[in-house]
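Given next are the chains, with one letter for each unit.
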Amino acid sequence: MPNRITDALDFQGQALQLRSERQRLIASNIANADTPGYVARDMDFAKTLRAATDALPLAGALAATNARHIGSGAAALSGGRIGSELLYATPAQTNLDRNTVDMDRERASFADNAIKYEATLRFINGNVRTSLSAITGQ
Amino acid sequence: MSMLSIFNVSGSAASAQSQRLNVVASNLANADTVAGPDGHAYKARQVTFQTELMGQTANDPTAAGVRVSTVSEDQTPGRRVHDPKHPSADADGYVTYSNVNAVEEMVNMISASRSYQNNLEVMNTAKTLLLKTIQLGQG
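Rules used in this analysis
- Residues numbered from 1 in each chain as written.
- Chains lettered and ligands numbered in written order.
- Predicted model: local features only at pLDDT ≥ 70, side-chain atom pairs only at ≥ 80, totals over all residues.
- Contact = placed C-beta atoms within 7 Å.
- Helix = DSSP H or I, 4+ residues; strand = E, 2+ residues; numbered from the N terminus.
- Axes fitted to C-alpha atoms, helices over the stretch in contact; angles between N-to-C directions.
- Parallel < 35°, antiparallel > 145°, perpendicular 65-115°, else oblique.
- Left-handed = near helix turned anticlockwise from the far one by under 90°.
- Nonpolar A, V, L, I, M, F, W, Y, C, P; charged D, E, K, R; others polar.
- pLDDT = per-residue confidence, 0-100.

A. Spotlight on the interface of chain B and chain A. Counting residues at the interface gives 29 residues for chain B and 27 residues for chain A. Looking at the side of chain B that touches chain A, the element that brings in the most residues is helix H2 (residues 102–134) of chain B, giving nine residues.

Here's what the structure looks like:
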């Protein structure tokens, strides 16, 4: 029963983890804006989040107690790690030193990702507050 | 806490950019120096950046810092001016100045300082987000 309460938080937790990974990725791109030959990377956030949360059990899912029960998905968390699914940014303008960092786009993505990270933080805070008021019952 | 390594990444970039700024400063300072008795004038220097992976695992591309790999000297011959009265003039009356191009250095300086600012702003944003993460669940 107690994990029912935290299950709702798991999805947001995964999203937060991926947001911070993406933030680091964009920070790396900005850091390497002047490095010759550096290729900018980014991730397909929706796809990565789906891959990371597919393994999560749905809230209120049935437990398979018999071998002939239809399973409701493995409960193993993938931990939100990213790696091979990283994509390469398409250069908007060619550069003599083969660097593909587009500073305008990176700055925009960085601000966008920071706001969405904060939004995820608020969702988690709201979830926690709801659970707390349900527990105290006041 | 994967966001903590943003400080390593952006910090390495800021350090590399400040080294670039240092080299630009010494180039500009020596823009008008002349060749000494050995006949060699100051040669303009330039830094070359290289990506340095900083993730916990060996080939993690998500944390890519920067470091200065080499500082190279510009080998083009320096400016030669005919001025027989100059104390450093050679036997033919020519003075050899350094090969620093002041305009190029100014452009380099602006680019370095902009990149430095960019990295500082990235660090500030990461700091704000991390501070809010610390307060997670407190209401």
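After presenting the structure, the write-up continues.
B. Structural context of the packing of helix H1 (residues 5–29) of chain B against H2 of chain B. Residue and element names in this part refer to chain B. Running from N to C, H1 and H2 point in directions that differ by 160°, and their axes come no closer than 9 Å. The angle between the axes of H1 and H2 places the two elements in the roughly antiparallel class. Handedness of the crossing formed by H1 with H2: left-handed. For the contact of H1 with H2, a count of residues per class yields 15 nonpolar, eight polar and two charged.

C. Main features of the confidence of the model for chain A. Scored by pLDDT, chain A has a mean of 80; 78% of the residues are at 70 or more. The least confident element of chain A, judged by mean pLDDT, is helix H2 (residues 45–53) of chain A at 85; the most confident is helix H3 (residues 103–136) of chain A at 92.

D. Local environment of the confidence of the model for chain B. Taken as a whole, chain B shows an average pLDDT of 89; of its residues, 95% reach a score of 70 or greater. This complex was scored by the predictor with a pTM of 0.79 and an ipTM of 0.81.

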